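Descriptive structure summary
In case you want the letters, here they are:
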Amino acid sequence: MNTLEKLELLSENCSDNTELERIIGQLLNVILTRHSQKLAIYNSDLEQFEKKYQLTSEQFVEQFNSGSLGDEMDYFEWFGLCELRKDILQKIHKLEQAL
């Protein structure tokens with residue numbers, strides 16, 4: 001049974017929309033919590049780079065994109081973390097809107 005079929009089964013077996021909304025809300029809260037935990041890890045890792053290089057991540061991304069920093073492996077890791085953080089923030093925003 002695929003995910004869509006499971007969702008249809010859940011919808012069919014909930015006594016009313018309020019119950020279904022509550023169940024879906026709980027699932028979304030679990031996902032939101034996991035994303036928030038990831039965000040905290042990303043923020044901690046980004047803070048280490050910011051301290052090491054005395055730049056905010058925003059300043060770093062601007063300089064990285066302009067090509068003025070060079071090709072250190074740290075820079076690619078830092079940039080990747082910035083992208084992961086941006087992605088998780090978008091997901092968190094969508095989840096918060098849904099709740």
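A few points on the structure. This is a predicted model, so every value here is computed, not measured. (Residues numbered from 1 in each chain as written. Predicted model: local features only at pLDDT ≥ 70, side-chain atom pairs only at ≥ 80, totals over all residues. Heavy atoms only, no water.)

1. Notes on the overall build of the chain
Of the regular secondary structure elements, the chain holds 4 helices and 0 strands. Counted from the first residue to the last, the chain has its helices and strands arranged as α-α-α-α. Out of the 99 residues belonging to the chain, those deemed buried represent 23%. Within the chain, counting contacts between residues at least 6 apart in sequence, those at least 24 apart form 55% of the total. Here the chain displays about 7,400 Å² of accessible surface, and carbon together with sulfur accounts for 52% of that area. For the chain, the separation between the mean place of its 10 positive charges and that of its 18 negative charges on side chains is 3 Å. (Helix = DSSP H or I, 4+ residues; strand = E, 2+ residues; numbered from the N terminus. Buried < 20%, exposed > 50% of the residue type's maximum accessible area, 1.4 Å probe, protein only. Contact = heavy atoms within 4.5 Å. Areas by Shrake-Rupley, 256 points an atom, 1.4 Å probe, with all protein chains shown as cover. Lys, Arg positive; Asp, Glu negative; His and termini not counted. Charge placed at Lys NZ, Arg CZ, Asp CG, Glu CD.)

2. So, the environment of I24
On the secondary structure map, I24 appears in helix α2 (residues 17–53). A C-alpha to C-alpha distance of 9.9 Å links I24 and L10, two positions 14 residues apart in sequence.

3. A word on the environment of E21
With respect to the helices and strands, the residue E21 is situated in helix α2. Judged by its relative accessible area of 59%, E21 is exposed. Separated by 78 residues in sequence, E21 and L99 place their C-alpha atoms 9.6 Å apart.

4. Let's talk about the nonpolar core
Membership of the largest hydrophobic core comes to 17 residues, with the highest contact counts inside it found for F60, Y75, W78 and C82. At the level of secondary structure, the elements contributing two or more residues to this core comprise α2, α3 (57–66) and α4 (73–98). When residues no more than four places from it in sequence are discounted, the contact partners of Y75 are Y53, F60, F64, L69 and G70. (Core = buried A, V, L, I, M, F, W, Y, C linked by side-chain atoms within 4.5 Å.)

5. Remarks on the packing of aromatic side chains
Considering all chains together, one arrives at 8 aromatic pairs under this definition. For the pair F49 and W78, a centre-to-centre distance of 5.5 Å together with 10 degrees between the ring planes defines the contact as stacked. Linking F49 in helix α2 with W78 in helix α4, this pair joins segments that are 29 residues apart in sequence. Owing to a relative accessible area of 9%, F49 belongs among the buried residues under this scheme. On the numbers, 5.3 Å between centres and 55 degrees between planes, the contact of Y53 with Y75 is tilted. Of this pair, Y53 sits in helix α2 while Y75 sits in helix α4, and the two are 22 residues apart along the sequence. Judged by its relative accessible area of 9%, Y75 is buried. Ring pairing ties together the aromatic residues F49, Y53, F60, F64, Y75, F76, W78 and F79, which thus form one cluster. (Phe/Tyr/Trp six-rings, centres within 6.5 Å; stacked < 30°, edge-to-face > 60°.)

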